[in-house]
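Structural overview for review
Listed below, chain by chain, are the residues.
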Amino acid sequence: FGGGSTPQVVIRWRPGINRAAAIDRVTKVSGAPPIPPIRPAEINRLLQVDRMPAILAAFLAFLGLVGIGHAVVTNGQRRRRDLAMLQTLGFRSRQLVATIGAQALTLMLVGLVIGIPVGIVLGRIVWGWIARGVGIAPDASIPLMAILLTVIGAILGAALVAAFPARSATRIHPATALRSE
């Protein structure tokens, strides 16, 4: 019974019970339909920000791709002479593209190898603080499928970002690049 003027009873339904029929019976006996449980305001606020981790992850992934793109473009411009030298030594366009793609992939893999474990550890710590503050179990699951899709998406994103600088690297005329410096 609650502390107010109206007595309150908590009912736990047995597994497999016909809820509609049970609610009708309780309504007939008590004269009023049962009131469903009310979530605490803290839980409702957590549910409102449910998509925030995914939005934050997508934003950080975008920033990572921009950073890799910037690094690959900048390095391609700085290493113009080196790429021209490779061409004079017999590198084909496909090999130049593979070289620039390998650079982008290496940067992405280093970011993933560091970022995923750090993200999991920090995510668990922050979730533990939030959960204990609200009074719920701090258990957190690791979404392995989301991590796998993130790795695949990051590799494809790095390849896509590297495609543009790689394409411009294949257009380098070795004689012009070597003579200009």
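Residues numbered from 1 in each chain as written. Predicted model: local features only at pLDDT ≥ 70, side-chain atom pairs only at ≥ 80, totals over all residues. Heavy atoms only, no water.

Side note on the environment of alanine 61
Along the chain, alanine 61 turns up in helix 3 (residues 52-78). Separated by 92 residues in sequence, alanine 61 and glycine 153 place their C-alpha atoms 9.4 Å apart. (Helix = DSSP H or I, 4+ residues; strand = E, 2+ residues; numbered from the N terminus.)

Notes on the nonpolar core
Formed by 15 residues in total, the largest nonpolar core has its most connected members in Leu83, Ile100 and Met108. Looking at this core, the elements that each hand over two or more residues are helix 3, helix 4 (80-88), helix 5 (93-134) and helix 6 (144-169). When sequence neighbours within four positions are dropped, the list of residues in contact with isoleucine 100 reads Val72, Leu83, Ala162, Pro165, Ala166 and Ala169. (Core = buried A, V, L, I, M, F, W, Y, C linked by side-chain atoms within 4.5 Å. Buried < 20%, exposed > 50% of the residue type's maximum accessible area, 1.4 Å probe, protein only. Contact = heavy atoms within 4.5 Å.)

Points about helix 4
Buried within helix 4 are the following residues: Leu83, Ala84 and Gln87. Buried positions in helix 4, seen along its axis, are confined to an arc of 100° and lie on one side of it. (Arc of directions from axis to C-beta.)

So, the pattern of salt bridges
Enumeration according to the criterion identifies one salt bridge in this entry. As a salt-bridge pair, arginine 79 and aspartate 82 come within 3.2 Å of each other at their nearest N and O atoms. Classification of arginine 79 by relative accessible area gives partly exposed; the value is 44%. According to the relative accessible area criterion, aspartate 82 is partly exposed, its value standing at 38%. (Salt bridge = Lys/Arg side-chain N within 4 Å of Asp/Glu carboxyl O.)

Quick word on the packing of helix 2 (residues 41-48) against helix 5
At their nearest, the axes of helix 2 and helix 5 sit 10 Å apart, and the two run at 150° to each other. Regarding the angle of helix 2 to helix 5, the classification is roughly antiparallel. Contacts from Glu42, Ile43 and Leu46 in helix 2 reach Trp127, Ile130 and Val134 in helix 5. (Axes fitted to C-alpha atoms, helices over the stretch in contact; angles between N-to-C directions. Parallel < 35°, antiparallel > 145°, perpendicular 65-115°, else oblique.)

Fair warning: the whole summary comes from geometry, so function is off the table for now.
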